[in-house]
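Here is what each chain is made of, one letter per residue.
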Amino acid sequence: MEELVISEEKLKSSAEEKGNLPVSSGKDNDDLKKDKEEISLEKKSPKGKGKKPTIFKSPSKDSKVMEIPPQPDVNNSDVNQSTLKIESKTSQDCKEFVFTVNLPTLPNLSEERTTLCILSLSTETQLEKKDFSVELKNHLNSSIQLAEAEELISHIFNITLNENCVYQENEMLKVIIPCLLPSKKDPSKVFSIKFEKEVGQWTSVKNVNQTTSPDHPNTYLLECELGLSNDITLAATSRHREDHGHFGIRGGRISSSTDGKVTISAKPHSFNTHTNTTLRVYNVDNAILTNFKSYHPEYTDLVSVSPLVCLGIDHSHTMPLTVTLPQLSKLKVDKKKINAMKKSHEDSNHATKLSVVIKSSSSAHWLCISAAIVEGKVDNADVLAFDLDVSASRILVLRLPENSHLESEVAMIANKMEEFLQKTMVRFVFRQQADNQSKAMIDCIKADDKETVVKFCENVGYGHGPDISNAISIKEGELVTIKFSEDIHRNNIQFVDKESSSLQFRYHSLLMGCTKFVQIEEIDK
């Protein structure tokens, strides 16, 4: 995983209080949809160059300096059974042990925060609640492996059996843990639980279910079953839904389970052999587009954007593939503009232009291609369609005003949109105590939490310092390094701890813990 280095110029202040949030549910649908209905598209005088898409029937098969004083750490050895409230109960089917773990809190904050972990075993087991210990691992330096666009959505739990405990071979342990995802349901996300099979090697549990507990009605829980062992480390993650299918000699079609209007179709003989296919879709609604423009005001004139399509195909195709996407909204104009158009007999539908941009699997750059786009209906749904002659791993369609200066920047827009959808926008905070500026705090916060964090810093006594940084994008789980620039060192500012030239942590947007309380000093040179 690449290392992100943030210099002092990008540092600015704050600390954020992050709480536990419920999680929504989702089920993965990996079935290849085989649609036998005819795709009927009405051509609407496309202005782009290129061939008209083929209309056909789909085949029926086929991451000021400072010693870091002691601060709460989720991997603190004090987080053991002395900090656990343990409940147990036995039903006809199982023994259930509920562990309530105290989470670390920031200095000057008295609010107690907890999370829970529920263990369930067969009634035939000889094990009891006293045989187990549950603690949290430090997610800031954890080596949990995250796939592309995957994020950590729970604390990292470490479940251990005390020494000399005896259990049956092949005995199973059911584990239930809470998630920290926003409560708003996102149908494009699927959830999983990963466990550390060997040091640094994480494996997904095959079957994960959402469940509820009468004792914790407001908490969304994920449940899985594992083979019992002396030491189990696990955590919940989420990722964008990915559909799997294949194209055969007779062609075929794969549709997105996130948005059924997104399809990739192949005519017969487009592939010479059985070809596995994956499809992942990132929707771009009005809220996302508005947020994107707030960070990139130079693209204010951008009218609308299609879903970002991520396509994986094992082999090259010998004939064009047909791509369908949801129709993009037209340019909205006010009444004065509408009246002006009527007087000049202009058609508002001609005020915009569609541009197709792709990225191939062998290139890191986006490219605008020529494609004749047809807008019409498929199964009574408004879609646009075009033929794709070249191999592509990313597909995006942009609607721009005609004759806009943005026409020459579509590849850059696509690149920034992909980064925006797959990364998290953050700001860096650097704050000091007004009466003792050698004491400082550093934090990495969600970009939208700027105002809340400023108030939080003042509440905990760190109200002095530079402004919060501009927003930058980083990946979930990315290793972030914060250090002073050379200019600061020349100004005789350094960490009290001479061995610490920088601060490092892995960023997880849903978890509390990026806040670092540090000490700095000025020396004579």
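Look above for the structure.
I will try to describe carefully the structure that is included in this document. (Residues numbered from 1 in each chain as written. Predicted model: local features only at pLDDT ≥ 70, side-chain atom pairs only at ≥ 80, totals over all residues. Heavy atoms only, no water.)

**What to know about the overall build of the protein**
Part 1 of the reasoning: Counting its regular elements, the protein contains five helices and 32 strands.
Part 2 of the reasoning: Out of the 525 residues in the protein, the part that is buried amounts to 48%.
Part 3 of the reasoning: Here the protein displays about 26,200 Å² of accessible surface, and carbon together with sulfur accounts for 44% of that area. (Helix = DSSP H or I, 4+ residues; strand = E, 2+ residues; numbered from the N terminus. Buried < 20%, exposed > 50% of the residue type's maximum accessible area, 1.4 Å probe, protein only. Areas by Shrake-Rupley, 256 points an atom, 1.4 Å probe, with all protein chains shown as cover.)

**Looking at the packing of aromatic side chains**
Part 1 of the reasoning: In the structure shown here, the tally under the stated rule is six aromatic pairs.
Part 2 of the reasoning: Plain terms: the ring middles of Phe292 and Phe420 are 5.5 Å apart, the flat faces sit at 75 degrees to each other, and that makes the pair edge-to-face. In this pair, Phe292 is assigned in helix α1 (residues 286–295) and Phe420 in helix α3 (residues 410–422), connecting sequence segments 128 residues apart.
Part 3 of the reasoning: Relative accessible area serves as the criterion here: at 0%, Phe292 is assigned to the buried category. (Phe/Tyr/Trp six-rings, centres within 6.5 Å; stacked < 30°, edge-to-face > 60°.)

**A few points about the side chain of Ser270**
Part 1 of the reasoning: Along the chain, the position of Ser270 falls in the loop between β16 (263–266) and β17 (275–282).
Part 2 of the reasoning: Of note is the side chain of Ser270, whose polar atom sits 2.7 Å from the backbone oxygen of Lys267.
Part 3 of the reasoning: In this view, Ser270 contacts Ser316, His317, Thr318, Met319 and Pro320; residues no more than four positions away in its chain are not counted. (Polar contact = N/O pair within 3.5 Å; in protein donor to acceptor, adjacent residues only side chain to side chain. Contact = heavy atoms within 4.5 Å.)

**Structural notes on the pattern of salt bridges**
Should the charged atoms of two oppositely charged side chains come close, the side chains can pair.
Part 1 of the reasoning: Counted under the stated rule, the structure contains 13 salt bridges.
Part 2 of the reasoning: Here Lys130 ties to Asp131 by a salt bridge, and the two come within 3.5 Å at their closest N and O atoms.
Part 3 of the reasoning: Asp131 sits in the buried class, given a relative accessible area of 10%.
Part 4 of the reasoning: Close ionic contact of Glu151 with Lys189 constitutes a salt bridge, the shortest N to O distance being 3.2 Å. Here Glu151, found in strand β6 (residues 151–152), pairs with Lys189, found in strand β9 (residues 189–198); they are 38 residues apart in sequence, far enough to count as distant. The exposure classification of Glu151 matches that of Lys189, with both residues buried.
Part 5 of the reasoning: When salt bridges with common partners are traced through the structure, they connect Glu148, Glu242, Arg280, Lys359, Arg394 and Glu418 into a single cluster. (Salt bridge = Lys/Arg side-chain N within 4 Å of Asp/Glu carboxyl O.)

**Details of the nonpolar core**
Part 1 of the reasoning: Counting 39 residues, the largest nonpolar core has Leu119, Phe132 and Val175 as its most contacted members.
Part 2 of the reasoning: Elements with a minimum of two residues in this core: β3 (94–103), β4 (113–122), β5 (132–137), β7 (156–161), β8 (172–178), β9, β12 (216–227) and β13 (231–240).
Part 3 of the reasoning: Of all hydrophobic cores here, the second largest spans 26 residues; its members include Val309, Val323, Leu325 and Ile358. (Core = buried A, V, L, I, M, F, W, Y, C linked by side-chain atoms within 4.5 Å.)

It is worth stressing that arrangement in space is one thing and function is another; only the former is reported here.
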